[in-house]
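Observations on the three-dimensional arrangement
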Amino acid sequence: MLDKLKEIEKAASLEINDANSMPELEAIRVKFLGKKGHLTSILRGLGSLTAEERPIAGAAANETRQKTENLIEIKSKQLWETLLNVKLKTEKLDITLPGIHKEIGHLHPLRSAENKMVEIFVRMGFDVVEGPEVESTHNNFDALNSPADHPSRDMTDTFYISEGVVLRTQTSPVQIRAMQKRKPPIRIISPGRVYRCDAPDGTHSPVFHQLEGLVIDRHITLGDLKGTLDLFAQSMFGEGTKTRLRPHNFPFTEPSVEVDFSCFACGGKGCRLCKSEGWIEMLGAGMVHPNVLAGCGIDPDIYSGFAFGMGIDRVAMLKYNIRDLRLIFENDVRLIGQF
Ligand code: PHE
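In this report, the structure presented in the accompanying data block is examined. Computed from a predicted structure; not experimentally measured.

1. Thoughts on the packing of aromatic side chains
In the structure shown here, the tally under the stated rule is 9 aromatic pairs. When the ring of Tyr-320 is compared with that of Phe-339, the centres are 5.4 Å apart and the planes differ by 70 degrees; the resulting orientation is edge-to-face. With Tyr-320 in helix H10 (residues 312–320) and Phe-339 in the segment after helix H12 (333–336), the pair connects residues that are 19 residues apart, well separated along the chain. The class for Tyr-320 is partly exposed, based on a relative accessible area of 24%. Overall, the relative accessible area of 32% leaves Phe-339 in the partly exposed class. The structure contains a cluster of three or more aromatic residues connected by ring pairs, namely Phe-121, Phe-126, Phe-232, Phe-237, Phe-261, Phe-264, Phe-306 and Phe-308.

Set out below in structure tokens:
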């Protein structure tokens, strides 16, 4: 039996020495020391020995186990070290390399402009209300005092969904909805998308954005409109910005005006942005027509009000110096990333 133990010891030591990987080493351990391994089967034979032989053989078997376990332990450490060295060599980290840049999302310039506009009016006490983009011709035209033969009603100007239903061409129908629902005093703004049959170019788009404003109360005058727009102009484009009203015509306001802002690029001296005018056309406005008030159940003898509508895209283009309206809708990240 002692000879057999020596043999096992020798064979194990040779195999351990030759092992090249951890799984291989584990297989050797099982082969020699496992439950069905060589050493165990020899230990089973202890029973057939005499009482004097048994402790000697037992001690020798334990020694063989001990020695083999030690060899496995040493080999295991060697294998780990080799593995670690390979890893250290091949998986070298260069901590001086620049990190992976994570692009953080941010607001589209159009949305930034809208948020700023809304914030300015909200600070003045306006409520924000929204209306549907699919609107009745009644709200989009009739209730706004637009004559039945007004050219803006043409299929060439307006997108019709069906008879009597259009994609709204302006945010002004929200005025109608607000006046039908609320009692004066009314002070609302309504930002949103509007649609017109326009071929896209640098200043036109079949879809664009307007911000409508409406104030109805007793004794509201054109002076209130001017004061409101002055404050807006200064808050949006800088302290020195002035406003100028020019007579105009809208069916739903009387009198109607177009409003220019003094050029915030040159301060009114004349430059490329204002095409040497010193002024930039910004919006349409006026005193709400008595027909419109009456049609919504508001007595024009008691109440008066002003309304205005301005292009959000236009404000964004001026504010952020975007030269072409199409850039706002194309969503090229090279443009959007600049803001
Ligand atoms: N709805 C008008 C337009 O789209 C703008 C406007 C709004 C004019 C309110 C006067 C009052 O051109």
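2. Overview of H10
Every buried residue belonging to H10 is among Ile-312, Asp-313, Val-315, Ala-316, Met-317 and Leu-318, and all of these are buried. Taken from the residues just after H10, Asn-321 is the one with a positive phi, measuring 60 degrees.

3. Remarks on the environment of Leu-79
Summarising the element assignment, Leu-79 is placed in helix H4 (residues 53–90). Residue classification places Leu-79 among the buried residues on the basis of a relative accessible area of 12%. For the pair Leu-79 and Ala-19, spaced 60 residues apart in the sequence, the C-alpha separation amounts to 8.9 Å.

Calculation criteria
- Residues numbered from 1 in each chain as written.
- Predicted model: local features only at pLDDT ≥ 70, side-chain atom pairs only at ≥ 80, totals over all residues.
- Heavy atoms only, no water.
- Phe/Tyr/Trp six-rings, centres within 6.5 Å; stacked < 30°, edge-to-face > 60°.
- Helix = DSSP H or I, 4+ residues; strand = E, 2+ residues; numbered from the N terminus.
- Buried < 20%, exposed > 50% of the residue type's maximum accessible area, 1.4 Å probe, protein only.

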